[in-house]
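Results of the structural survey
Next come the chains, spelled out residue by residue.
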Amino acid sequence: GAVQWLIHLFFLPGGWYCFNRENCDTRFDTMRRLMSSKEWPVTRVGTGILSSQPEENPHWWNANMVFIPYCSSDVWSGASSKSEKNEYAFMGALIIQEVIKELVGKGLSTAKVLLLAGSSAGGTGVLLNVDRVAEQLEEMGYHGIQVRGLADSGWFLDNKQYRRTDCIDTITCAPTEAIKRGIRYWNGIVPERCKLQFKEGEEWNCFFGYKIYPTLRCPVFIVQWLFDEAQLTVDNVHLTGQPVQEGQWLYIQNLGRELRNTLKDVTASFAPACLSHEIITRNHWTDIQVKGTSLPRALHCWDRSLHESNKNGKAPLKGCPIHLIDSCPWPHCNPSCPTIRDQFTGQEMNVIQFLMHMGFDVQKMAQQQGLEPSKLLGMLSSGN
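Residues numbered from 1 in each chain as written. Predicted model: local features only at pLDDT ≥ 70, side-chain atom pairs only at ≥ 80, totals over all residues. Heavy atoms only, no water.

The protein goes by Protein notum in an unreviewed UniProt entry, where it is assigned to Struthio camelus australis. The record in UniProt for the protein states the following under Sequence similarities (unreviewed entry): "Belongs to the pectinacetylesterase family. Notum subfamily." (UniProt positions renumbered as here; feature names shortened; annotations may be inferred.)

Let's shift gears to the packing of helix α2 (residues 92–104) against helix α3 (residues 121–139). Put simply, α2 and α3 touch, their axes get as near as 11 Å, and they point 35° apart. Considering only the axes of α2 and α3, their crossing is right-handed. Of the residues in α3, those in contact with A93, I96, Q97, I100, K101 and V104 of α2 are N129, R132, V133, Q136 and L137. Residues belonging to the contact of α2 with α3 are distributed by class as follows: six nonpolar, three polar and two charged. (Axes fitted to C-alpha atoms, helices over the stretch in contact; angles between N-to-C directions. Helix = DSSP H or I, 4+ residues; strand = E, 2+ residues; numbered from the N terminus. Left-handed = near helix turned anticlockwise from the far one by under 90°. Contact = heavy atoms within 4.5 Å. Nonpolar A, V, L, I, M, F, W, Y, C, P; charged D, E, K, R; others polar.)

Strands pair in a sheet through their backbones, by hydrogen bonds, and they do so in one of two ways: parallel or antiparallel. The seven strands are arranged β2-β1-β3-β4-β5-β7-β11 in an open sheet whose pairing can be described as parallel. Lying at the two open borders of the sheet, with one neighbouring strand each, are β2 (64–67) and β11 (323–325). Across the sheet, the mean angle from the axis of one strand to that of its neighbour is 15°, orientation sign disregarded. Here strand β7 (residues 269–271) pairs with β11 via three bridges, running parallel. Counterpart to S269 in the pairing with β11 is H323. Contacts from α3 reach β1 (7–12), β3 (113–119), β4 (146–152) and β5 (220–223), with the element oriented near 160° to β3. (Pairing = 2+ DSSP bridges.)

And the structure:
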């Protein structure tokens, strides 16, 4: 008989977005694969959580993997077809629904769990679509499938930019402004329960994790670097070859604090104090730890907690944590962070080089505290 897959993992990749005719035209010219399926490869090799190798993917290597490429450029929210006035169609939300419809006849109907996962814009896409997927399956009569979300690097803050810029292109546009324009251009839709929290015309709020999360019904696991590179980019903090000015350094540390704050009440979360972007499809995704727990382990604990809570709703499992957030204050104070590369030379840097590159004067700090520089660095990297 057919293989009975108990877990179906649907993956939504990212790749930013475009929000007006001009920057969508540019995107069409320079990044065609994010705008059209014409040039997609026939096959892909799954990595990280999509890998079929147990060493790389300890818990889900034999799940049924469904990779949904991103060609809608609308943060998976659009519901508008091509028309006289629209040169482009934006159908991210509809694409997900169609994939579900098609796969119900191909073994999805016997699934125990559908995990909707995504990275970056795909992570935000998970927050925007997970409840709708659950409703769709219920309406089709599949009440036995538990729908869950895993959002990686899609939990953005609508914070004040370090330097304010006018909204010219995707990269310089302030987070809120880009989404406000995008929603109108894509005819973007947000979940009903979130929409009800905000006034008409304020739907853009639902693209920000900390505002939509409390309205979600499905369990969602949030994975977010405390110092996300895409967040820093839209906030106009550019870590180039020059040492970081003090204002930037304070801004970066404050960003980490604000982000940590928004995750306080998120039941299942994994937030390392690293400067990076995306993790779940990287082949080294098993290496990073928060408080001694790796991400695959935390996800396994989350699985178990959902499994057990269905039975009796007891307290969290002993020794199996699911709320993991670094408390040390600056980028890479967690020694398991991925290696940092210099943006220009591509050379790897260790924590010390990185902090100095960021304008953090290790020698001077050590002197002021009457410590050996190496002693101070030991303290820095252990997060004291």
